[in-house]
Amino acid sequence: MNRLKGLALAAAASLALQPTLASAQANCVTEQEVTAIAIYAVPGAIEAVRLKCGATLGTGGYLARSGAGLSARYTALQPRVWPRAKAGLLKVLTARAGDNRARQSMGMMASLPDSAVRPLVDALIVQEVSAKIATSQCRRIELVLQAIAPIEPEIAGGVIGSIVGLVDPEQMPVCPRRA
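About the thresholds
- Residues numbered from 1 in each chain as written.
- Predicted model: local features only at pLDDT ≥ 70, side-chain atom pairs only at ≥ 80, totals over all residues.
- Heavy atoms only, no water.
- Helix = DSSP H or I, 4+ residues; strand = E, 2+ residues; numbered from the N terminus.
- Polar contact = N/O pair within 3.5 Å; in protein donor to acceptor, adjacent residues only side chain to side chain.
- Contact = heavy atoms within 4.5 Å.
- Phe/Tyr/Trp six-rings, centres within 6.5 Å; stacked < 30°, edge-to-face > 60°.
- Buried < 20%, exposed > 50% of the residue type's maximum accessible area, 1.4 Å probe, protein only.
- Salt bridge = Lys/Arg side-chain N within 4 Å of Asp/Glu carboxyl O.

Digging into the side chain of Glu 33
Here is step 1 of the chain: With respect to the element layout, Glu 33 can be found in helix 2 (residues 31–53).
Here is step 2 of the chain: Of note is the side chain of Glu 33, whose polar atom sits 2.9 Å from the backbone nitrogen of Thr 30.
Here is step 3 of the chain: Apart from the residues within four sequence positions on either side, Glu 33 is in contact with Cys 28, Arg 84, Ala 87, Gly 88 and Lys 91.

Remarks on the packing of aromatic side chains
Here is step 1 of the chain: Taken as a whole and judged by the stated rule, the model has 1 aromatic pair.
Here is step 2 of the chain: Between Tyr 40 and Trp 82, the aromatic rings sit 5.0 Å apart at their centres with planes inclined by 45°, giving tilted as the arrangement. Pair noted here: Tyr 40 is in helix 2 and Trp 82 is in helix 4 (residues 78–96), with a separation of 42 residues, a long-range link. Per residue, the accessibility class of Tyr 40 equals that of Trp 82, and both read buried.

Let's talk about the environment of Thr 75
Here is step 1 of the chain: Take Thr 75: it is sitting in helix 3 (residues 62–75).
Here is step 2 of the chain: Classification of Thr 75 as partly exposed rests on a relative accessible area of 35%.
Here is step 3 of the chain: Separated by 35 residues in the primary sequence, Thr 75 and Tyr 40 have C-alpha atoms spaced 7.3 Å apart.

Comments concerning the pattern of salt bridges
Here is step 1 of the chain: In the structure shown here, the tally under the stated rule is 3 salt bridges.
Here is step 2 of the chain: The partner of Lys 91 in a salt bridge is Glu 33, with the nearest N and O atoms 2.9 Å apart. Remark: Glu 33 occurs in helix 2 and Lys 91 occurs in helix 4; sequence separation between them is 58 residues.
Here is step 3 of the chain: Residue Glu 33 is classed as buried on the basis of its relative accessible area, which comes to 8%.
Here is step 4 of the chain: The residue Arg 80 makes a salt bridge to Glu 154 at a minimum N-O spacing of 3.0 Å. Of this pair, Arg 80 sits in helix 4 while Glu 154 sits in helix 8 (residues 153–167), and the two are 74 residues apart along the sequence.
Here is step 5 of the chain: Among the residues examined, Arg 80 registers a relative accessible area of 55% and is labelled exposed.

Pasting the structure below:
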């Protein structure tokens, strides 16, 4: 009888925790979503580097010679990773939204067709990444892009996403792994 009572108490406790766990999961991004976001964002990030660093980087540098090819490899994967990337981006943007009106905007964005949302996301990626690039870092960024180029995009996306989650967990709150 005590065992049955203990099981009932454990079940009740787990039910009581469900809203808290669901809320925590809604405010974080899964590892798969982080990877999808990273893969999806690479072409826009490369475009941002080109826009911000065009005058700084030479015509014989890696981006000038091979940037289009690197971008194309990731662009080819965008349709496949978009559903997870969109889900993760909506979580991040909704968590950042300060008031109910902004959260409602995120809900409205979620209901729009992908053909309307993707161009907005693509432009936002270029804009946000451009704003964060210091021209003094252009050569270093080019070296990083050159270093990840030989790595398969799915693996590189996981690495990039993990690094962003570690370096700036407030911007990319990655959900803890379940045991």
